[in-house]
Amino acid sequence: MNYKIELSKKAQKFILKLEQKEQQRILKAIYKLPFDGDIKQLKGLSQYRLRVGEYRIIYEMYNDVLLIRVINIGNRGDVYKTT
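Below is a short write-up of the structure.

Each value, and the rule that gives it
Residues numbered from 1 in each chain as written. Predicted model: local features only at pLDDT ≥ 70, side-chain atom pairs only at ≥ 80, totals over all residues. Heavy atoms only, no water. Helix = DSSP H or I, 4+ residues; strand = E, 2+ residues; numbered from the N terminus. Phe/Tyr/Trp six-rings, centres within 6.5 Å; stacked < 30°, edge-to-face > 60°. Salt bridge = Lys/Arg side-chain N within 4 Å of Asp/Glu carboxyl O. Buried < 20%, exposed > 50% of the residue type's maximum accessible area, 1.4 Å probe, protein only.

**Quick word on the environment of Gln 20**
1) Next: Tracing the backbone through its elements, the reader meets Gln 20 in helix H2 (residues 20-31).
2) Next: Once the C-alpha coordinates of Gln 20 and Lys 32 are considered, the two residues, 12 residues apart in sequence, prove to be 19 Å apart.

**Considering the packing of aromatic side chains**
1) Next: Summed over all chains, the structure comprises 3 aromatic pairs.
2) Next: Pairing Tyr 3 with Phe 35 gives two aromatic rings, centres 6.1 Å apart and planes at 70 degrees, and the pair type is edge-to-face. Placement of Tyr 3 in the segment before strand S1 (4-7) and of Phe 35 in the loop between H2 and strand S2 (38-41) is noted, with a sequence separation of 32 residues between them.

**Some remarks on the pattern of salt bridges**
Pairing of side chains with opposite charge becomes possible as their charged atoms draw close.
1) Next: For the coordinates displayed, the defined rule picks out 5 salt bridges.
2) Next: Glu 22 is the salt-bridge partner of Arg 25, the closest N and O atoms lying 3.4 Å from each other. One end of the pair, Arg 25, and the other, Glu 22, are both in helix H2, 3 residues apart, so they sit about a helical turn from each other.
3) Next: By relative accessible area, which is 37% here, Arg 25 ends up partly exposed.
4) Next: The residue Asp 36 makes a salt bridge to Lys 32 at a minimum N-O spacing of 3.8 Å.

Structure follows, in structure tokens:
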């Protein structure tokens, strides 16, 4: 069961600002979703977060169409303020 991964413009911009090594690390973690990683559902929301070192990836999962939409990526403290 393979999920299609969709990145928002905001997430794409954040990834492009990072060093090549960090970009690869984050993208590798995203493409392992939804089966691997430090994943938790955000309280009161239908969104999830994936922890990759000091970064947090906020995403929504649509099981009926096998889609994962990455909404936001950011540093640990900052990413929750804009979600």
